[in-house]
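Coordinate inspection notes
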Amino acid sequence: MTNKNGIIGLTVVLVLICAYYLSFTFVSRSIKGKAETFATDASGKVDDKKKQRYIDSLWREEVYLGQTLQEVTERELSLGLDLQGGMHVVLEVSPAEILKGMAGGNARSAAFQKALAAAQADKKADNNAFVKIFVSAFKDAAPNTSLASVFATSANRTKINSNSSDGDVVKMLNTEIDGAIDRAFQITQARIDKFGVTNPNIQRLPGTNRVLVELPGVDNPERVRRLLSGAAKLEFAQVYLTNELAPAIDQLGSYLAREDARVKSAGKPASAAASTDTTSKSGLSGLAAQLEQKGDSSKTDSSAIAAQSAALTSLFVPMPQGLGVYLKDTARASEILSRPEVRSMFPADLVFMWDRKGTAGTNNQLILPLYFIKKQNGQAAMEGDVIVDATHDYDDRGRPEVTMRMNGEGARKWRTLTANSIGRPVAIIIDNLVYTAPTVQGEIPNGNSSITGNFTVEETKDMSNVLKAGKLPAPTHIVEEAIVGSTLGSEAITAGVLSSVIGLVVILVFMVAYYSGAGFVADLTLLLNLFLLLGIMASLGAVLTLSGIAGIVLTIGMAVDANVLIYEGIKIEIADGKPFKLAVQDGFKHSMTAIIDSNVTTLLTGIILYTFGSGLVLGFATTLVIGLLTSLFTAIFITRLFLEYQISHGKVYKFYSGLSKNWFKDNNFDFVSQRRRFYIISSAIMVIGVGSFIFKGFGLGIDFKGGRSYVVRFDKNVETDEVREVMGKELDGSPEVKTFGGFDQVKITTDYLIEDTAPDADQKAEAKIIEGISKVKGNSGKIVSSNKVGPTIAYDTMINALYAILLALAANFVYIFLRFKRLAFSYGAVVSLAHDVIILLAVYSLFNGWLPFSLDIDQAFIGAILTMIGYSMNDTVVIYDRIRDYLKDDKATTETLPTIINNALNSTLSRTAVTGISVMLVLIVLMVFGGEVIRGFTFCMLLGVIVGTYSSLFVAAPIVVDILQREKIKNASLVTVDTAAAAANAKGVKA
């Protein structure tokens, strides 16, 4: 093996990197475990608030390698919502509302309303497509009217005018829609950042008008809905200077000192643990510790002043604009500042507001600035509806700045506000968070002004977007929502860990049982593969989900394939009489092509899954892709290192055990002669399936049809008919009710209020479900998880699923053609894959409602289909690779094509069987122990492995036989014709 030292060095580096990143997970889990122990009372009940206080106390403290707990938590291998509970939301920004805002008063015209209604009715109307459909409909309604006559309003005069072409207007509309979506994303991000959720995930979904929000551990969905769906509020207000509030701040210091002295006199200990309690009602135990060291603070005036100062500085930090608070203490500061006795110390028109982002303080701790905002009767001096436009630019010194322009009313108000605020800051506020507070240098008379400061280009770009938030109404609607209760998440963790351990043990035992001593080498590489997979996921910031755990277990099963190909290749070399060392070298060499080809096809499928998938599918694809790469590395390099190490110590392996010694030995099955019989069997199943498609149809999940689903758990076993009856009365329809995971648990699916975009629609629907549950006699129940998918996103999901399947077929067709250079192999592979997909669809249609788990066609099913395509291609490519080798062999000139194909199939049968058995064992474990959430997914995978193995042997390979034979006959006839023509020509010439 060349570059052995380089491979060893790379392996050591990878192991160290993975160990480093995984260590953050162990440290974080350890601290959270201590927090739970700290918060557990004598009865074993955990006080969640006490647990959170413990974590808060260390949030900004260094706990590991100079990293704070916050940084450690951000670097740990995070758990998905399905494992820890929480809320997943997809927000959609309405482009229709944006167009109405752009048109102003012209939006009331009949032609505009008709065109807008047509665009909204089309479910494909999304982002730029929406504008395209709207323009087409508008031209139909008003053929002789230019778009500029509608959109060239005073608010848009800097972008277009009455003479602008329709193309210019369309470009402007698309730009404004994209900008509005960016602003919605910025506002959503700012709101969530202040929500107090650990490791939230907020991202704009590329190419859409949607924003994804994932909030782990959230247990108040209604609060989240209000937070995300409310309209952004932009305000301009004066800021009190610190010296104007000196008496009030002194009173606050005295108040804090008295409170702390009261706590001390009550006999409460000022321990180190208590001093870090940042959310207790008084929150002054840290000050109490200081007073205890100083002695009685009432002895002298100087000591009283010192106590007052200490009380202030223990909580507040002096800053240029006023005061700041360490981020870990903001909850405590907010609680104190909201007390009536504290509010009375400050002017009646003063409002406390936090900055939108913190600034670094001492010891790397983040400080959040606190502003003293002036509002008369709760109203700011100006609101954002006066902003006409805002752009990011550079000032005359090359510094990034923001310029903004106001309408006439705004210009008048702005002139008054700036004239009264010279030399003092004016705060720009969005959703009660201060984005910036520039100091006014002079009166600004015309409504045009600029904001400069220590900004980056990205910050000025974001700020200009935010300032425009008041100009264009861009309301957001929740089009997809999933809520997982913490109980269900805990159960999912148990199921995931149990299935992982059992699946891994099954594979390890099977490899030793089949390959004996060499099986131990394979097991070591599999364990290293698992370690590298988890370490790389942690380093990339990937989230571990239940489907991801399934992907890990399945990856381990499929990783066996590379080892099997190598071992079977070595067995062939040993059977040819080669010494063990040479057999190992040649076995690796000859199996390399099959390993690479088979894994590339699966990798292509994994990438397609990752590109088009979301939720369960995305989590599975992430681990599948990473796992394929790590399994290739460990199988090709680490397995060889282990074997060569054993060779250097005189060790020889037989690559079989007493149990498997005679398995697949001298097998000579005639696959090819029976091909027409298998064609008939497959065709019959597919015809029956198509008939079922037509007459029975499919059970569509809400991913594809839209709707709401609720998992409800009852105290005792419950009849689905009884639940269906009471729910039908409540929901004015016939909801779908199925047993889910146990006879005490059901899944209720309904389209009730799914078209309603009102903010309280979700609450109304949930209330109906709860009311229905209460009417099940003698059996109380509760909702443990829920899911919502709007019609628009359901349509998009269905289209993306179709694209994903077609793209997978096309990608594999092209790859096979490039690798094997003959269309016969590509046709055989694609026909085989289409055969597999149709048969799986047939089973899901025929047996829907008959099996004790869901057979709905949803994203999980599509993910399983695509994974099955990858597995089937993996199997097919290995067989094709052996067929290609046999066709190149010298014997091919003396043997018939069916004989060559049969020999190739028989030579790969042991690999096909061992890989298939190992993967099926893992899938059976996942089905039994993996939990209800992935049971349907796992069933589809298990069925896919069986059907894929069948099609590789009895469909893909035989099709190659038929096509190659037809090509041979055609070529022979062409040669005969050419020979006859040449003879005739020669005869004519001679004559």
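**Observations concerning the pairing of strand S12 (residues 366-374)**
Counted residue by residue, S12 has 7 buried out of 9 residues, so it is predominantly covered. Alignment of strand S9 (residues 322-326) against S12, held across 4 bridges, turns out to be antiparallel. Opposite Tyr326, over in S12, you have Ile367 as the bridge partner. Note: strand S10 (residues 350-355) against S12, 5 bridges, orientation antiparallel. Residue pairing across strands places Leu350 opposite Lys374, the latter belonging to S12.

**Focus: the sheet that holds strand S24 (residues 781-789)**
Spatially, S5-S6-S4-S19-S24-S21-S23-S22 is the arrangement adopted by the 8 strands of the open sheet, whose pairing is antiparallel. In this open sheet, the two edge strands, each paired with only one partner strand, are strand S5 (201-204) and strand S22 (736-739). The average angle at which neighbouring strand axes cross in this sheet is 20°, direction not considered. Two strands pair when backbone bridges link them, and strand S21 (residues 707-714) and S24 are joined in this way by 8 bridges, in the antiparallel orientation. Following the sheet pairing, Gly707 is matched in S24 by Val789.

**Considerations on unusual backbone geometry**
Its identity as a non-glycine residue notwithstanding, Leu65 has a phi of 50°, on the positive side. Within the secondary structure, Leu65 is located in the loop between strand S1 (62-64) and strand S2 (67-68). Positioned with a positive phi, Ser516 is a non-glycine residue whose angle comes to about 60°. Summarising the element assignment, Ser516 is placed in the loop between helix H19 (486-515) and helix H20 (517-539). Classification of Ser516 by relative accessible area gives partly exposed; the value is 32%.

**Overview of the sheet that holds strand S14 (residues 387-394)**
The 3 strands are arranged S14-S15-S18 in an open sheet whose pairing can be described as antiparallel. Whereas interior strands pair on both sides, the edge strands pair on one side only; in this sheet they are S14 and strand S18 (448-452). Adjacent strand axes in the sheet meet at a mean angle of 20° when their direction is disregarded. Both strand S15 (residues 400-406) and S18 contribute to a ladder of 5 bridges, which runs antiparallel. For Thr403, the partnering residue across the bridge sits in S18 and is Ser450. Running at roughly 120° to S15, helix H17 (residues 408-419) makes contact with S15 and S18 of the sheet.

**Regarding a nonpolar patch on the surface**
Judged by side-chain polarity, Ile688, Leu846, Phe847, Trp850 and Leu851 come together as a nonpolar surface patch covering roughly 520 Å² of accessible area. Within the element layout of this structure, Phe847 appears in the loop between helix H29 (823-846) and helix H30 (859-888). Under the relative-accessibility criterion, Phe847 is labelled partly exposed at 41%.

**Section: the packing of H30 against helix H32 (residues 909-929)**
Where H30 contacts H32, the two axes come as close as 11 Å, and the packing angle between them is 165°. The pairing of H30 with H32 is recorded here as roughly antiparallel in orientation. Crossing hand, H30 versus H32: right-handed. Within the contact between the two elements, H30 uses Tyr871, Asn874, Asp875 and Val878 and H32 uses Arg911, Thr912, Thr915, Gly916 and Val919. Residues of the contact of H30 with H32, tallied by class, amount to 3 nonpolar, 4 polar and 2 charged.

**Re helix H24 (residues 675-695)**
The α-helix advances 3.6 residues per turn, and as a result positions three or four apart in sequence lie on the same side. When the terminal C-alpha atoms of H24 are compared, their 30 Å separation across 21 residues agrees well with the 30 Å that a helix rising 1.5 Å per residue should span. Within the sequence span of H24, burial applies to Arg675, Phe678, Ser682, Gly689 and Ser692. Down the axis, H24 shows its buried residues gathered within 120° of arc, on one side only. Away from the buried face of H24 by more than 90 degrees, exposed residues Arg676, Arg677, Ile680, Val687, Ile688, Ile694 and Phe695 are located. After H24 finishes, the residue Gly697 shows a positive phi value of roughly 80°.

**A look at the environment of Arg724**
By the element assignment, Arg724 lies in helix H26 (residues 720-731). We classify Arg724 as partly exposed; its relative accessible area is 27%. Along the chain, Arg724 and Val737 lie 13 residues apart, while their C-alpha atoms are 5.8 Å from each other. Polar contacts involving the side chain of Arg724 include one to the side chain of Asp721, which spans 2.7 Å.

**Digging into the packing of aromatic side chains**
According to the stated counting rule, one finds 25 aromatic pairs in the structure shown. Taking the centre distance of 4.8 Å and the plane angle of 80° together, the rings of Tyr514 and Tyr515 count as edge-to-face. Each member of the pair, Tyr514 as well as Tyr515, carries the same accessibility label: buried. An aromatic cluster is present here, built from Phe669, Phe671, Phe678, Tyr950 and Phe954 joined pairwise through their rings. Positioned above the aromatic ring of Phe588, the side-chain terminus of Arg640 is 5.2 Å from the ring centre.

**Quick notes on the confidence of the model for the protein chain**
Low-pLDDT portions of the prediction should not be read for the details of their coordinates. Chain-level statistics for the protein chain give a pLDDT mean of 78 and a share of 84% at 70 or above. Long-range and interchain partners of residues 267-300, a stretch whose pLDDT sits below 50, account for 54 contacts in this model, where long-range means more than four residues apart.

**Observations concerning the side chain of Ser28**
Along the polypeptide, Ser28 turns up in helix H1 (residues 4-38). By relative accessible area, Ser28 is classed as buried at 0%. In this structure the side chain of Ser28 is engaged in a polar contact, spanning 3.1 Å, whose partner is the side chain of Glu76. Residues within four places of Ser28 in sequence aside, it is in contact with Val72, Thr73 and Glu76.

Parameters at a glance
- Residues numbered from 1 in each chain as written.
- Predicted model: local features only at pLDDT ≥ 70, side-chain atom pairs only at ≥ 80, totals over all residues.
- Heavy atoms only, no water.
- Buried < 20%, exposed > 50% of the residue type's maximum accessible area, 1.4 Å probe, protein only.
- Helix = DSSP H or I, 4+ residues; strand = E, 2+ residues; numbered from the N terminus.
- Pairing = 2+ DSSP bridges.
- Axes fitted to C-alpha atoms, helices over the stretch in contact; angles between N-to-C directions.
- Contact = heavy atoms within 4.5 Å.
- Patch = residues over 30% accessible without salt bridge, like charges linked within 9 Å, V, L, I, M, F, W, Y side chains within 5 Å.
- Areas by Shrake-Rupley, 256 points an atom, 1.4 Å probe, with all protein chains shown as cover.
- Salt bridge = Lys/Arg side-chain N within 4 Å of Asp/Glu carboxyl O.
- Parallel < 35°, antiparallel > 145°, perpendicular 65-115°, else oblique.
- Left-handed = near helix turned anticlockwise from the far one by under 90°.
- Nonpolar A, V, L, I, M, F, W, Y, C, P; charged D, E, K, R; others polar.
- Expected span 1.5 Å × (residues − 1).
- Arc of directions from axis to C-beta.
- Polar contact = N/O pair within 3.5 Å; in protein donor to acceptor, adjacent residues only side chain to side chain.
- Phe/Tyr/Trp six-rings, centres within 6.5 Å; stacked < 30°, edge-to-face > 60°.
- Lys NZ or Arg CZ within 6 Å of the ring centre and 35° of its normal.
- pLDDT = per-residue confidence, 0-100.

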